[in-house]
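Take a look at the letters that make up each chain.
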Amino acid sequence: MSERLNLMSPAMLADPYPTYAELRRDAPVCQVDPGGFWAVTRHDDVIAVLKDTALFSSEGFRAATKPAWLGHNPFGDSMLVLDPPAHGRLRSLVNRAFTPAAMTRLEARVRAFAEDIAARLPLGQPVDWVESLAMPLPASVIGELLGLDPSLHARFKRWTDDLTSISPVTPDMTARMEEIRTTVREAEQYLTEVLASRRRAPADDMVTDLLRAQVDGQSLTDAELMSFLFLLLVGGLETTVHLLNHSALQLIAHPEVLDRLRADPALIPRFIDEVLRYEPPVRSVYRLVMADTEIGGVRLTKGAKVLAMIGSACRDEAHFPDAHRFDIDRGGVTHLPFGHGIHFCLGAPLARLEARLLFTALVPRVRRLSPAGPPEWRRALSMRGVTSLPLVAHPA
Ligand code: HEM
């Protein structure tokens, strides 16, 4: 491949997988556009990058989420961008909000949301799956976690869309820059009020838990709390929306899988794990090279920007036999869609829970999903998913 590959080209957004396969074979570490990142595409190299926090720093996220034109952005200061030891301190403070006991407490609420949303899905007529189903569940759950007003769900979506569209902004896109700056201000203002109200009146929610959390006598600072709330909004919402969208796309492509899930709902978790492997919602994560090094036979110099391509790693034939086949019987779950090492996703059990309960509620009602128009692919470097998905859900 002589010309630099553009990860945001329409073809790469619609179906990057054949190109990922070529890269793994011929150029497993190569420079790509936009941004001149070094894309690392083989499974074992991606794991090596994510494991070695001294050589491959998460500061890479800061550069991608806090460019000079944006300046202030709490998301770009969150634990996602920190390395040890600062990362460990924050992680142990927020960990307790995600324990198995906390998830069990949440389960009944998530089930109630899932059943309500599934029951309201119009059957036998074209709907946008994103609007009707994939967005409302994670928005309700994040709203519940943070104790936010449900009437703001539409606004969350705009906030997270904007906060995950920072790196593709080019110097000529001044109007877009202003929109994103406005979003940061608006989200911060809203979340500041949420923090103040929980301080005045503690509630049974995650914000209150976070305000109370202490490790070695230390609590989270206001700036750390704000960054974490931004991270939850971005990390917890769009990722899960994409998981639910990819699930629908796979059920459209494999109607026989929907039949099997209806006959045996115990297969739903396996289905979800295979959707995560086949179409990881987080297709790449950013890292910054801290010292000259070599990976995949390529020398990278200090300061090089790396994209660890989870989307490619999950289709690596060297690791997953017949990797391009969607197969819920494959066995052996990979957790790589949720990252690897110290930044492994805190919300993985919650995301799996949401998807499992949603499909448990939906599968008995729906015989088949069929497309009602082309999906629209999201323009983002780190995420892979659709922004609209017209389909018909045929009643069982
Ligand atoms: C299908 C849904 C999800 C996917 C695919 C996903 C994926 C990921 C990945 C790949 C990372 C690691 C990033 C890195 O190494 O730089 C991560 C981190 C994180 N995720 Fe998720 N995530 C999902 C859902 C959630 C949910 C529902 C929440 C919370 C409500 C959440 C909260 C977080 C947090 C707080 C981190 C940062 C952990 C750290 O820096 O130590 N995620 N996620």
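Quick summary incoming for the structure in this document. (Residues numbered from 1 in each chain as written. Predicted model: local features only at pLDDT ≥ 70, side-chain atom pairs only at ≥ 80, totals over all residues. Heavy atoms only, no water.)

### Some details on the environment of glutamate 224
To be explicit about the condition: The way it works is that DSSP assigns letters per residue, a run of H or I at least four long becomes a helix, a run of E at least two long becomes a strand, and they are numbered from the N terminus. Contact criterion: two residues are considered in contact whenever any of their non-hydrogen atoms come within 4.5 Å of each other. Pairing of N or O atoms within 3.5 Å defines a polar contact, subject to two protein rules: one partner must be a possible hydrogen donor and the other a possible acceptor, and residues neighboring in sequence count only if both atoms are side-chain atoms.
By secondary structure assignment, the location of glutamate 224 is in helix α12 (residues 222-253). Through-space distance from the C-alpha of glutamate 224 to that of alanine 196 is 15 Å; in sequence the pair is 28 residues apart. Glutamate 224 has contacts with Arg89, Leu90 and Ser219, leaving out every residue within four places of it along the chain. Here arginine 89 takes part through its side chain, which lies 2.8 Å from a polar atom of the side chain of glutamate 224.

### Brief notes about the coordination of the iron atom of the ligand
Under the convention used in this document: Metal coordination here is assigned from N, O and S atoms located within 2.8 Å of the ion, or within 3.2 Å for Na, K and Ca; omission of water means that sites may look incomplete.
Within the protein, just one atom coordinates the iron atom of the ligand: Cys345 (SG), at a distance of 2.3 Å. Looking at where cysteine 345 falls in the secondary structure, it is placed in the loop between α15 (310-313) and α16 (348-362).

### With respect to the state of the cysteines
Where we set the bar: Any two cysteine sulfur atoms within 2.5 Å of one another count as a disulfide. Burial here depends on accessible area, computed with a 1.4 Å probe over protein chains only, as a share of the maximum for the residue type. Under 20% is buried, over 50% is exposed, and the range in between is partly exposed.
Within this structure, the stated rule accounts for zero disulfides. Note on cysteine 314: no disulfide assigned, nearest cysteine sulfur contributed by cysteine 345 at a separation of 13 Å. Among the residues examined, cysteine 314 registers a relative accessible area of 0% and is labelled buried. Residue classification places cysteine 345 among the partly exposed positions, given a relative accessible area of 28%.

### Some points on the packing of aromatic side chains
Put simply, the rule is: Only Phe, Tyr and Trp rings are paired, with Trp represented by its six-membered ring, and only when their centres lie within 6.5 Å; those with planes under 30 degrees apart are stacked, over 60 edge-to-face, the remainder tilted.
Summed over the entire model, instances satisfying the criterion amount to ten aromatic pairs. For the ring pair tyrosine 17 and tyrosine 20, a centre distance of 5.5 Å and an interplane angle of 85° mean the geometry is edge-to-face. One end of the pair is tyrosine 17 and the other is tyrosine 20, both in helix α2 (residues 17-26) and three residues apart, which spans about a single turn. The pair formed by tyrosine 17 and tyrosine 20 is uniform in burial state, with each residue classed as buried. Aromatic pair phenylalanine 338 and phenylalanine 344: ring centres 6.3 Å apart, planes at 65°, arrangement edge-to-face. The buried category is assigned to phenylalanine 338, whose relative accessible area is 11%. For phenylalanine 344, a relative accessible area of 24% translates into the label partly exposed. Joined through ring pairs, the aromatic side chains of Trp129, Phe271, Tyr278, Phe326 and Phe359 make up one cluster.

### Some words on the pairing of strand β2 (residues 29-33)
Here is the rule: Think of it this way: DSSP has to see at least two bridges between two strands before they count as a pair.
Pairing of strand β1 (residues 5-6) with β2, which is carried by two bridges, proceeds in the parallel orientation. If you follow asparagine 6 over to β2, its bridge partner there is aspartate 33. Taken together, the four bridges between β2 and strand β3 (residues 37-40) define a ladder with antiparallel strand orientation. Note on β3: the bridge partner recorded for cysteine 30 is alanine 39. Turn length for the β2-β3 hairpin, with the two strands adjacent in sequence and antiparallel, is three residues, and the turn residue glycine 35 shows positive phi of about 100°.

### A few points about the sheet that holds β2
The cut-off we apply is this: Axes here refer to lines fitted to C-alpha atoms; in helices the fit is confined to the stretch in contact. Angles between the N-to-C directions go from 0 to 180 degrees.
Spatial strand order, β1-β2-β3-β11-β8-β4: six strands in an open sheet with mixed pairing. Pairing within the sheet leaves two strands with one partner each, and these edge strands are β1 and β4 (56-57). Strand direction decides the pairing type here: strand β8 (residues 285-289) and strand β11 (residues 305-308), joined by four bridges, are antiparallel. Its bridge partner lying in β11, arginine 287 is registered against valine 306. Here helix α3 (residues 43-51) sits on the sheet and contacts β3, β4, β8 and β11; the angle it forms with β11, its principal contact strand, is near 120°.

### Let's talk about the nonpolar core
Operational definition: Buried Ala, Val, Leu, Ile, Met, Phe, Trp, Tyr and Cys residues form a nonpolar core when they are joined through side-chain atoms within 4.5 Å.
Membership of the largest hydrophobic core comes to 138 residues, with the highest contact counts inside it found for Trp129, Phe228, Leu261, Phe271 and Leu369. Ranked by the residues each element gives to this core, the list is headed by α12, at 17 residues. Contacts of leucine 369, omitting those with residues within four sequence positions, involve Trp129, Ala248, Leu251, Ile252, Leu258, Leu391, Val392 and Ala393.

### A word on the pattern of salt bridges
Formally: In what follows, salt bridge is the name for a side-chain nitrogen of Lys or Arg lying within 4 Å of a carboxyl oxygen of Asp or Glu.
Within the structure shown, the criterion is met by 32 salt bridges. Of the charged contacts, one joins arginine 356 and glutamate 107 as a salt bridge, the two residues approaching to 3.7 Å between their closest N and O atoms. Here arginine 356 is found in helix α16, whereas its partner glutamate 107 is found in helix α6 (residues 100-120), with 249 residues between them in sequence. Looking at arginine 356, the relative accessible area reads 28%, which means it is partly exposed. Within this structure, Glu59, Arg62, Lys66 and Asp77 form a network of salt bridges that share partners.

### Here's the deal with the site of the ligand
Formally: In this text, near means that some heavy atom of the residue lies within 4 Å of the molecule or strand in question.
The environment of the ligand is made up of 31 residues, and the closest members are His87, Arg91, Arg287, His343 and Cys345. Contact distances for the ligand include 2.6 Å between an oxygen atom and a side-chain N or O atom of histidine 87. Those elements giving two or more residues to the shell around the ligand turn out to be α5 (86-95), α12, β8 and α16. Of the residues forming the shell around the ligand, the biggest block, eight residues, is contributed by α12.

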